Structure formats: C-alpha cells, structure tokens
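Architecture at a glance
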Amino acid sequence: MSEQRVLIEVTDGVADVRLNRAEKRNALDPAMFAGIVEAGETLKKDPSVRVVVLSGEGPDFCAGLDFGSFRAMRDGERLSASAAVPPGNGPAKATGQRAAYVWAELEVPVIAAVTGNALGGGLQIALGADIRIVSPDATLSVFEVAWGLIPDMTGSQLLPELVGRDVAKELTLTARKVGGEEAVAIGLATKLDPEPRKAALALARSIAARNPHAVRAAKRLLDMAGRVDLGTGFAAEQTEISALIGSPNQVEAVTASFEKRAPVFKDV
C-alpha cells in the first residue's frame, strides 16, 4: 500500500517524486508516511540520481495530517508511530521527522514544487527540500497550533534558519496562512512561478547537467554554514576542493567548455 502513496520516475538523473493521494489532498496517514520515508531512503541508494523534484499529485502539495490522525489523537494515539519505515541513522528519529528530514539527508539537491495547500506536516516536508518553488495561489501554514499542537516534524528547528527566529515564532504561534508571494518575501519559499513543477523540473535538469560530485560537495558545504564554526567550515572547503581538482568529472567540465560541447559526467 505504501508504495502507491509515492510515485518515483527517474529520467536523465532527475528523480520526479510525487505524493500520490490527490483525492485526500495528499494528506498524511501511516501509509503516506511510510511511502515518503521509503522513497527518500531508496533515492539515497541510487547513484544515477543527481537532483530530486518533490511535488504532489492533484492541486495540493500536502494538506498535512489526515482527519483520522486527529480523531486518534483524542484517544491519545499517534498513528504515525504505526507506520512501517526502514531503519535510519540520522538525527531525525520519529516517523514524522524522518518524512521531512530524509530529503535534507539526500546528498543531491531536492527541489519542492508547491501548489495549493502545504499545511502543517505538509509544509514541514517542503522545509526538508533545498529549494522551494511555489505558485502565487499556494497556501502555506505552520498550522499545528490550530489543532492544539506544535510542529514536530523538524519544523521547529529548520524554520528559524529560513525566516528568522521572530518570524518563525509569529507563524507558529498564530497558524497564519501565507500566500505564495509573501512566502517568497519572508524567505519561506525560494521563488514564485505559476507552474512550480514545470519550473522545478527545468531547474533540476540544469543542475543535473553539472558535475554531480561538485554539486554534492556544494550542498554539503552550504548545509554546514552557520552550523559549524568558521574554522571547520573553511577546512571543509579545502577538503572538498582538493578532492575535485583534477578529478575525472572536473577535467571533463573544463574540456567540454573548451571544446564547446555538453559535458558527459560519470555518477560514480
């Protein structure tokens, strides 16, 4: 059942990943949680994947927890805990956290294409991406407080990095809904486009055409920024550049540029 919740198609290094529960606005039930984590863990093991595009089937990205989960909470149950997910060894331990953070854990860039609703857990999943492209009419919200809850799918830790601590508090404490334009203005989203998935796929293809080892190294370094001291970050820069200079893909990038042709990179 879980494999039907998330669709994956890999073409020329771009993994097109779609949440597949359109009739329920891609709401999160145990099977959806399992499908999302399985998808991320599967992509980690595929060396042919250079970029991931994450979107939702139908008009919505993800409307958050489904109503069955809220009904269960009245009896003290947490349905996400019943999802059968593969083991992981990262900082995210709870199922919901892993559904969001598995995208941050990928070595390759992840681009979320957000249309319609991205509420609560749905927004937190988008926060796990490296880049978020949203439609002007998208609706984003840290919605948990409206249900008497708090964002517990890594959002409390990742959101302040994007929008600042004060804005993160305002959004979290009010459950206010934000449109696409405001989301970009406050840093909750990266850019605005009337066709987010089309724009995300085009961006993904352009990134996939670059040296995949340089792209992965850049993501590693940028993810370190602000989380480690400068000495550690500067040393990591030198480690990464030393590994890249003279490597087959780096030589191919230079050669292809001089020969005015498209480079042909190797993934391993």
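Quick summary incoming for the structure in this document. Quick caveat: nothing in here was measured; it's all calculated off a predicted structure. (Residues numbered from 1 in each chain as written. Predicted model: local features only at pLDDT ≥ 70, side-chain atom pairs only at ≥ 80, totals over all residues. Heavy atoms only, no water.)

1. Notes on the overall build of the protein
Check the secondary structure of the protein and you find 12 helices and nine strands. Radius of gyration (C-alpha) of the protein: 19 Å, near the 18 Å computed for a compact globule of 268 residues. Considering only C-alpha atoms, the protein reaches an extent of 65 × 40 × 35 Å along its principal axes. In the protein, which comprises 268 residues, the share counted as buried stands at 46%. Residue pairs in contact within the protein that sit at least 24 positions apart in sequence constitute 71% of those at least 6 positions apart. A total accessible area of about 13300 Å² is found for the protein, and carbon and sulfur atoms account for 56% of it. (Helix = DSSP H or I, 4+ residues; strand = E, 2+ residues; numbered from the N terminus. Rg over C-alpha atoms; globule rule 2.2 N^0.38 Å. Buried < 20%, exposed > 50% of the residue type's maximum accessible area, 1.4 Å probe, protein only. Contact = heavy atoms within 4.5 Å. Areas by Shrake-Rupley, 256 points an atom, 1.4 Å probe, with all protein chains shown as cover.)

2. Here we look at the sheet that holds strand β3 (residues 51-56)
Taken in spatial order, the six strands make up an open sheet running β1-β2-β3-β4-β6-β9, and their pairing is mixed. Edge positions in the sheet fall to β1 (6-11) and β9 (191-192), since each has one partner strand and no second. Pairing of strand β6 (residues 131-134) with β9, which is carried by two bridges, proceeds in the parallel orientation. Within β9, the position partnered with Val134 by the bridge is Leu192. (Pairing = 2+ DSSP bridges.)

3. Description of helix α2 (residues 30-44)
Side chains three or four residues apart in an α-helix point the same way, a direct result of the helix having 3.6 residues per turn. Its 15 residues give α2 an end-to-end C-alpha distance of 21 Å, which sits within 8% of 21 Å, the value for a rise of 1.5 Å per residue. The element α2 is largely enclosed, with a buried count of 11 among its 15 residues. Residues of α2 that are buried: Ala31, Met32, Phe33, Ala34, Gly35, Ile36, Val37, Ala39, Gly40, Glu41 and Leu43. (Expected span 1.5 Å × (residues − 1).)

4. What about the nonpolar core?
Among the nonpolar cores identified, the biggest contains 46 residues, and Ile36, Val52, Trp103 and Ile125 are the most heavily contacted of them. Broken down by secondary-structure element, the contributors of at least two residues to this core are β2 (14-19), α2, β3, α4 (95-105), β4 (110-114), α5 (121-127), α6 (155-163) and α7 (165-174). Counting residues per element, this core draws most heavily on α2, at seven residues. With near-sequence residues (within four places) excluded, Trp103 lies in contact with Val17, Ile36, Ala39, Gly40, Leu43, Val52, Leu54, Val110, Ile125, Gly128, Ala129 and Lys219. The next biggest cluster of nonpolar side chains, apart from the first, holds 13 residues, and it includes Ile111, Ala113, Ala199 and Ala200. (Core = buried A, V, L, I, M, F, W, Y, C linked by side-chain atoms within 4.5 Å.)

5. Points about the side chain of Asp60
With respect to the helices and strands, the residue Asp60 is situated in the loop between β3 and α3 (67-73). Polar contacts involving the side chain of Asp60 include one to the main-chain amide nitrogen of Asn117, which spans 2.8 Å. Not counting chain neighbours up to four residues away, the residues in contact with Asp60 comprise Arg25, Asn26, Thr115, Gly116 and Asn117. (Polar contact = N/O pair within 3.5 Å; in protein donor to acceptor, adjacent residues only side chain to side chain.)

Take it as geometry only, folks, not as evidence of what the structure does.
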